[in-house]
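Here's the letter readout for the chains.
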Amino acid sequence: GRSRVRGMEATAAVDEAVREYLLFRGLARTAAALDAELLRDDHYRRFRVAAVVHALFDAVRRGDVRHLLAQWSHLERGFFCRLSGGGARATVPA
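Computed from a prediction, not measured in an experiment: that's the story for all the values here.

J.: Which residues make up the overall build of the protein chain, and what are the values?
T.: Check the secondary structure of the protein chain and you find five helices and zero strands. The order of α-helices and β-strands along the protein chain, N terminus first, is α-α-α-α-α. By sequence separation, contacts in the protein chain at least 24 residues apart represent 38% of the contacts at least 6 residues apart. Here the protein chain has roughly 7,200 Å² of accessible surface; of this, 60% comes from carbon and sulfur atoms.

The following block contains the structure:
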C-alpha cells in the first residue's frame, strides 16, 4: 500500500544520496558499480513515484491524450497488475 510506495521512494532517495556522495569523493568507478548493481536489482524498488506523477501531469497539461494513455497503459501492464488487494482495484478500466 501507501507505506510500501513511501518505502520505495525512501530507498531511491538513499540510493541517489549514496551515488552523489561517491561522485563527490571522486569514486566514479564505484558509483558506476553501484549503478550496475541497482540496474540488476528489482526495478520496482527504484520506482520513482514523483517522476511518474510529473510525467502524467505534464501530458495532461500539454493536452497529449495519446501520451497520457500510453503511460497509463504501461503502468497497468508493468505495475498495477502486480499490486495485491485494494491497490489493484484502484486502477481505472480502459
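What follows continues from the structure just given.
J.: Lay out a nonpolar patch on the surface in plain terms, naming residues and giving numbers.
T.: Taken together, the side chains of Val53, Phe57 and Val60 make up a nonpolar region of the molecular surface, amounting to roughly 290 Å² of accessible area. Inspection of the secondary structure assignment puts Val53 in helix 3 (residues 49–62).

J.: Which residues make up the pattern of salt bridges, and what values do they have?
T.: Applying the stated criterion across every chain yields a total of four salt bridges. One salt bridge in this structure joins Arg62 and Asp58, with 2.4 Å as the shortest N-O distance. Of this pair, Arg62 and Asp58 are both found in helix 3, four residues apart, which corresponds to roughly one turn of the helix. Look at Arg62 and you get partly exposed, because its relative accessible area is 42%. With a shortest N-O distance of 3.2 Å, Asp64 and Arg62 are connected by a salt bridge.

J.: Run through the packing of helix 3 against helix 4 (residues 65–78), naming residues and quoting values.
T.: Closest axis-to-axis distance for the helix 3/helix 4 pair is 8 Å, and the angle between their directions is 155 degrees. Compared by their axis directions, helix 3 and helix 4 come out roughly antiparallel. The element helix 3 and its partner helix 4 pack so that their crossing is left-handed. Each of Val52, Ala55, Leu56, Ala59, Val60 and Arg62 in helix 3 lies in contact with helix 4, whose residues at this interface are His67, Leu68, Gln71, Trp72 and Leu75. For the contact of helix 3 with helix 4, the class distribution of residues is eight nonpolar, two polar and one charged.

J.: Describe the confidence of the model for the protein chain, naming the residues involved and giving the relevant values.
T.: Confidence along the protein chain averages 76 in pLDDT terms, with 71% of residues attaining 70 or more. The secondary-structure element of the protein chain with the lowest mean pLDDT is helix 5 (residues 86–89), recorded at 51, while helix 4 shows the highest, at 84.

J.: Describe helix 4, and please don't skip the residues or the numbers.
T.: With 14 residues, helix 4 should reach 20 Å at 1.5 Å per residue; the first-to-last C-alpha distance of 20 Å fits that figure. Turning to helix 4, its buried residues are Gln71, Leu75 and Gly78. Along the long axis of helix 4, the arc covered by the buried residues comes to 90 degrees, so they all point the same way. Along helix 4, the residues that are exposed and aim more than 90 degrees away from the buried face are Val65, Arg66, Leu69 and Arg77.

Rules of the game
The residue numbers shown here count from 1 along each chain, following its written sequence. At least 70 in pLDDT is required for a residue's local features to be given in this predicted model, at least 80 for side-chain atom pairs to be given and counted, and no such filter applies to totals for whole chains, interfaces and linings, which use all residues. Side-chain metrics rest on all non-hydrogen atoms present in the structure, leaving aside hydrogens and water. Numbering of helices and strands starts at the N terminus; helices are DSSP runs of H or I of at least 4 residues and strands are runs of E of at least 2. Note on contacts: a residue pair is in contact if any heavy atoms of the two residues lie within 4.5 Å. The protein chains shown are the only cover counted for residues, whose accessible areas, like all others here, come from Shrake-Rupley with a 1.4 Å probe. Every patch collects residues that have over 30% relative accessible area and no salt bridge, joining them within 9 Å if they carry like charges and within 5 Å if they are nonpolar side chains (Val, Leu, Ile, Met, Phe, Trp, Tyr). The term salt bridge refers to a pairing of a side-chain nitrogen on Lys or Arg with a carboxyl oxygen on Asp or Glu at a separation within 4 Å. Relative accessible area decides the class of each residue, using a 1.4 Å probe on protein chains only: under 20% of the type maximum gives buried, over 50% gives exposed, and in between gives partly exposed. Axis lines are fitted through C-alpha atoms, for helices just across the contact stretch, and the angle between N-to-C directions can take any value from 0 to 180 degrees. By the definition adopted for this analysis, an angle is roughly parallel if under 35 degrees, roughly antiparallel if over 145, roughly perpendicular if from 65 to 115, and oblique otherwise. Less than a right angle of anticlockwise turn of the near helix away from the far helix marks a crossing as left-handed, whereas a clockwise turn marks it as right-handed. Classification used: nonpolar for Ala, Val, Leu, Ile, Met, Phe, Trp, Tyr, Cys and Pro, charged for Asp, Glu, Lys and Arg, polar for all others including Gly. A residue's pLDDT is simply how confident the predictor is in it, with values from 0 to 100. What a helix should span is 1.5 Å times the count of its residues minus one. An arc is given here, and it is the one of the directions from the helix axis to the C-beta atoms.

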